[in-house]
Amino acid sequence: MAESGTDVPYWSRDVDELRSDLGSGSRGLSSKDAAKQLKRVGLNTVEDAPRLSALRLLLRQFESPLVLILIFGAAVSLALREWVDAYIILTIVLGSTLLGFYQEYRASTAVEKLKRRLALTCRVVRNGIEQTVPASTIVPGDVILLSAGNLIPADGLVIEAEDFLVSEASLTGESFPVEKQPGTVPPETSLAARTNAVFLGASVRSGTAKVLAVETGRRTAFGAIAARLKARPPETEFGRGIRQFGYLLIRVMVVIVLFVLTVNQLLGRPMVESLLFAVALAVGLSPELLPAIISVTLAAGARAMARRGVIVRRLDAIENLGSMDILCTDKTGTLTEGVIVLHDAADASGRSSTKVRQLAFLNAAFETGIDNPLDAALVTVGESVGLTTRGYRKIDEIPYDFRRKRLTIVMAEDSDASQHLIVTKGAFSSVLAICTSLDRDGVDVPLTTNLRQELEVFYQAKGEAGFRVLAVAKRKIAAKDRYGHDDEGGMAFAGFLVFFDPPKPDAQQTIRDLTNLGIRVKVISGDNRHVTAHLAEAVGLDSTSILTGDELAKLKDEALWHLAPRTDLFVEVDPQQKERIVRALQRTGHAVGYLGDGINDAPALHAADVGISVDQAADVARESADIILLKPDLDVLRRGVEDGRRTFANTLKYICITTSANFGNMISMALATPLLPFLPLAAKQILLNNFLSDLPSIAISTDNVDPETVTRAQRWQIRDVQRFMVVFGLISSVFDLVTFAMLLLVFHADQATFQTTWFVISLLTELAVVLVLRTRRPAFRSRPSRLLLWTTVAVTITALTIPFLGPLASAFGFAPLSALQMGAVVIVVVGYIAATEGAKAWFYKTRNPNKPVAVAWHC
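What you are looking at is a predicted structure, and each value in this text was computed from that prediction instead of being measured.

(A) Region of the structure containing the overall build of the chain. Helices and strands together make up the secondary structure of the chain, namely 29 helices and 23 strands. Each of the 859 residues in the chain was classed as buried or not, and the buried ones make up 55%. Entry remark: accessible area of the chain is about 36200 Å², with carbon and sulfur atoms responsible for 57%.

(B) Layout of the packing of helix H25 (residues 718–746) against helix H29 (residues 819–846). With their axes 10 Å apart at the nearest point, H25 and H29 run at an angle of 155° to one another. Put simply, H25 runs roughly antiparallel to H29. For the pair H25 and H29, the sense of crossing is right-handed. Contact residues: Arg723, Phe724, Val727, Phe728, Ile731, Ser732, Phe735, Thr739 and Met742 in H25; Ala824, Val828, Gly831, Tyr832, Ala835, Thr836, Ala839, Lys840, Trp842, Phe843, Tyr844 and Thr846 in H29. Considering only residue class, the contact of H25 with H29 consists of 14 nonpolar, 5 polar and 2 charged.

(C) Examining the confidence of the model for the chain more closely. Confidence along the chain averages 83 in pLDDT terms, with 85% of residues attaining 70 or more. Counting interchain partners and residues more than four positions distant, the pLDDT-below-50 stretch residues 228–232 has 2 contacts. Every residue in residues 848–858 scores below 50 in pLDDT, and together they form 40 contacts with partners more than four places removed in sequence or on other chains.

(D) Structural detail: the pattern of salt bridges. All chains considered together, the criterion is met by 36 salt bridges. A salt bridge links Glu397 to Lys394; the nearest nitrogen and oxygen atoms lie 2.5 Å apart. Close ionic contact of Arg639 with Asp635 constitutes a salt bridge, the shortest N to O distance being 2.9 Å. Of this pair, Arg639 and Asp635 both sit in helix H23 (residues 634–672), 4 residues apart, roughly one helical turn. In this structure Arg639 comes out as partly exposed when scored by relative accessible area, which is 22%. Note on Asp635: relative accessible area 16%, which makes it buried.

(E) Broad picture of the packing of helix H24 (residues 683–694) against helix H26 (residues 751–773). For the pair H24 and H26, interaxial distance at closest approach is 10 Å and the crossing angle is 25°. As summarised for this structure, H24 and H26 are arranged roughly parallel, according to the angle between their axes. In the crossing of H24 with H26, the sense of the turn from one axis to the other is right-handed. Here H24 contributes Gln685, Leu688, Asn689, Leu692 and Ser693 to the contact with H26, which in turn contributes Gln755, Phe759, Ser762, Leu763, Glu766 and Leu767.

(F) View of the environment of Ile71. Topologically, Ile71 is positioned in helix H4 (residues 65–79). Residue classification places Ile71 among the partly exposed residues on the basis of a relative accessible area of 33%. Separated by 19 residues in sequence, Ile71 and Leu90 place their C-alpha atoms 7.0 Å apart. What Ile71 contacts, discounting residues up to four positions off in sequence, is Phe62 and Val93.

(G) The nonpolar core, seen in detail. Among the nonpolar cores identified, the biggest contains 56 residues, and Leu321, Leu327, Leu541, Ile612, Ile627 and Leu629 are the most heavily contacted of them. Leaving out residues up to four positions away in the same chain, Ile612 has contacts with Leu321, Met324, Leu327, Tyr594, Leu595, Gly596, Leu605, Ala625, Ile627, Leu629 and Leu637.

(H) Expanded view of the sheet that holds strand S22 (residues 610–614). The 8 strands are arranged S8-S23-S22-S21-S9-S18-S20-S19 in an open sheet whose pairing can be described as mixed. On the outer flanks of this sheet lie strand S8 (310–312) and strand S19 (546–548), each paired with one strand and no other. Across the sheet, the mean angle from the axis of one strand to that of its neighbour is 20°, orientation sign disregarded. Inspection of the sheet shows S19 paired to strand S20 (residues 569–571) by 3 bridges, in the parallel sense. When the bridges of S20 are listed, Thr548 appears paired with Val571.

(I) Examining the packing of aromatic side chains more closely. Applying the stated criterion across every chain, the model contains 17 aromatic pairs. Relative to Tyr459, the ring of Phe428 lies with its centre 4.3 Å away and its plane at 15°, an arrangement referred to as stacked. With Phe428 in helix H14 (residues 428–432) and Tyr459 in helix H15 (residues 449–464), this pair connects stretches of sequence that are 31 residues apart. The burial state of Phe428 is the same as that of Tyr459; both residues are buried. Relative to Phe500, the ring of Phe467 lies with its centre 5.3 Å away and its plane at 50°, an arrangement referred to as tilted. Linking Phe467 in the loop between H15 and strand S16 (468–478) with Phe500 in strand S17 (residues 491–500), this pair joins segments that are 33 residues apart in sequence. Taking the relative accessible area as the measure of exposure, Phe500 reaches 28% and is therefore partly exposed. One aromatic cluster is present, formed by Phe428, Phe458, Tyr459, Phe493 and Phe496 through successive ring pairs. Just above the ring of Trp11 sits the side chain of Arg194; from NZ or CZ to the centre is 3.5 Å. The ring of Phe467 carries Lys462 above its face, with NZ or CZ at 5.5 Å from the centroid.

(J) Expanded view of helix H17 (residues 529–539). Here H17 has its buried residues at His530, Val531, Thr532, Ala533, Leu535, Ala536 and Val539. As for H17, its buried residues are in contact with H15, S16, helix H16 (507–516), strand S18 (520–524) and S20. Positive backbone phi, at 95°, marks Gly540, one or two positions downstream of H17.

(K) View of the side chain of Thr567. Residue placement: Thr567 occurs in the loop between helix H19 (557–563) and S20. Residue class for Thr567 comes out buried when judged on its relative accessible area of 5%. Ignoring any residue separated from it by four or fewer positions in sequence, one finds Thr567 in contact with Arg520, Lys522, Ser545, Ile546 and Leu547.

(L) Layout of unusual backbone geometry. With a phi close to 55°, Asp441 is a non-glycine residue in the positive phi region. Following the sequence through the fold, Asp441 ends up in the loop between strand S14 (435–440) and strand S15 (443–446). On the basis of relative accessibility, which here comes to 64%, the residue Asp441 falls in the exposed class. Backbone geometry at His748 places phi at a positive 50°, although glycine is not the residue there. Within the fold, His748 resides in the loop between H25 and H26.

(M) Inspection of a nonpolar patch on the surface at higher detail. A cluster of nonpolar side chains, Leu789, Trp790, Val793 and Ile797, forms an exposed patch at the surface whose accessible area comes to about 370 Å². Along the chain, Trp790 falls in helix H27 (residues 786–801). With relative accessibility at 55%, the residue Trp790 sits in the exposed group.

(N) Broad picture of the pairing of strand S21 (residues 592–595). Burial along S21 is two-sided: the face carrying Val592 and Tyr594 and the face carrying Gly593 and Leu595 are both buried. With 3 bridges connecting them, S21 and S22 associate as parallel partners. By the bridge assignment for S22, Gly593 is matched with Val610.

Calculation notes
Residues numbered from 1 in each chain as written. Predicted model: local features only at pLDDT ≥ 70, side-chain atom pairs only at ≥ 80, totals over all residues. Heavy atoms only, no water. Helix = DSSP H or I, 4+ residues; strand = E, 2+ residues; numbered from the N terminus. Buried < 20%, exposed > 50% of the residue type's maximum accessible area, 1.4 Å probe, protein only. Areas by Shrake-Rupley, 256 points an atom, 1.4 Å probe, with all protein chains shown as cover. Axes fitted to C-alpha atoms, helices over the stretch in contact; angles between N-to-C directions. Parallel < 35°, antiparallel > 145°, perpendicular 65-115°, else oblique. Left-handed = near helix turned anticlockwise from the far one by under 90°. Contact = heavy atoms within 4.5 Å. Nonpolar A, V, L, I, M, F, W, Y, C, P; charged D, E, K, R; others polar. pLDDT = per-residue confidence, 0-100. Salt bridge = Lys/Arg side-chain N within 4 Å of Asp/Glu carboxyl O. Core = buried A, V, L, I, M, F, W, Y, C linked by side-chain atoms within 4.5 Å. Pairing = 2+ DSSP bridges. Phe/Tyr/Trp six-rings, centres within 6.5 Å; stacked < 30°, edge-to-face > 60°. Lys NZ or Arg CZ within 6 Å of the ring centre and 35° of its normal. Patch = residues over 30% accessible without salt bridge, like charges linked within 9 Å, V, L, I, M, F, W, Y side chains within 5 Å.

Written as structure tokens, this is what we have:
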């Protein structure tokens, strides 16, 4: 932590001396020096590595155990001088890995483009000019400009600060923000007590500051912690499902392979041939393109969502978005237009007042903390009627925080330097609590119980009419140097600020559409109960289903678990209560989405199953989110949910269909092995079958999804996958056994004819089952995507012609089939399609209709 060869840590050094050592100054670094520094210290990131290079991605394809098994099989063939078999196996390995590499590389490239759209930026001074640069390019010596809502991009020393409060909970565990000021502290000072320094990962709660960057990337305090912990992000439901699916495959694979290997040895068949056959069975059961299919499908879904204005920051969040059944949101900008206007500035009697408007204007104009639409509306209206800060000078500011819910500005009038004017603006109840008098026509009168009730009646009436109401108070005191929270007392109530933010015209329809998708909307707001209830009634929510922050604070967790799912409106809540509400909903089994864009939303965004923010949100909110909306519109989110459900549906199609088909074929071969004088399929034929049947699966990411599929929240349960695999796999096995009997008893087929016929039937049934089982409807009533349809047709033609392709057929051990045999093939395949359609109808009819949807497309 020492700089420039000195043993003194930077927080104990003079900022000007440190600036000089880092080659910086009042004009910041030059662009040329910044580029040199970046080359020397590297990107400002704590991640071990960015996106995989093309070469590493290609090499990763060969890390799969399945691919290694195939390479082992090829090595055995080479050792035995079985050159054709070895060549075929290696060709299939190369084809599969190149296909997987191509698809994953395309997917990762698309995701990187989306990530670049959301890259964190910050303001710095370089060449003496303020400019915005990517946070990843910050280097030691940069002068960073920070304001409320910013994430701090590096460790550094405070040069200048004004009412600068920083939240360091991610580093110190301290939930309350701490004030930072220029200065020095002793070398042995703990991180939490370094009041002159800021740290990567913390966030600005209020105020502004100029900071000298000293440490970046993994040399920061946060980077050191991350390097020690190497903490992996929590496993998502989707990732957990994939892992459990892998365990299921391994169990089935071990049983089948050991059975086949044992039987072949008992029958006295050659060890090498038996081993290759067992290896091919293991590979045949496994959907080896699954990683590529998942990457391709999720990336395609992310691109589709991006076109609709929804940016996915984490691909596996798509599954969580699809499984969401409760959406918690603030009302401003989502249910309302988000354009707040000052409707009126009224005195304590409810009459319009230019004096109250001026006090509010001065408070908003001098405020340097959190940018917010209320202050913007006050400044806009004030400037439009000629108000300015001329004649006043700001002395101090007591920043807004979410406990006090008020902001105080201290100013001096040029005409009287002996006194200071304190103006406080904030939530009605918070301001009223610090008032002891009331300004009535310029005269302060005691604030009696009756007067308080009159003020509350006005406040409630405006709230019930849909207006948001703040209060303004003032006080004059003898001038002094510094002010604190204790000075917010003995105030005179000056009046009301009445704002209006109308509901969106389509908000009611959007909420109805979300309800039709199985998503219940809940409003979590810091605003008062009256205005929130009025809005709820306007947009179709239950305005009587309401819980206030005070009521929530008195509830035990068990009581909140009971009430939260039944409540539509949570009002007058603080940031910690927002997180508590989200966790209570999760505790009762709901998948919770949280939409927020403010500093106070970050804890809830972290806690939610899927955190959703908007492109214009505060840095700390945007970086906490999994999904970013390019505009704050619930209808955009609705379309994103539908896209997410379609994406997840197509991913599960590949898993369920391919696994059930492969499982059926493997069971058939395991049963046939002890009954036949030869292997039902050669190892190279199994691998070719598996490779060709996988080709149409690449197109599954583009497949159409039935409309009813997206109308309910989706969860993946491995038991449903297992049941699907067994039911439809066994149907496939029954037809395989019928085929075996036909070939042996009717056609008296030799080895080549037997293997060729079954290869063609096996491949055709695998292709047919994709079109049949991709939908819960009858296949002819659900249209597949053009790419899926035509790739299936192309492979079908290949399957029918491959026995007649001379040298290629000979290489794989195929023999031409007679017209009668080809007719039998068609009959078996048509019968299989009809049986699968019938079984599908039975499967879904017997399924418990009250059971939650286990997988996206009702697998």
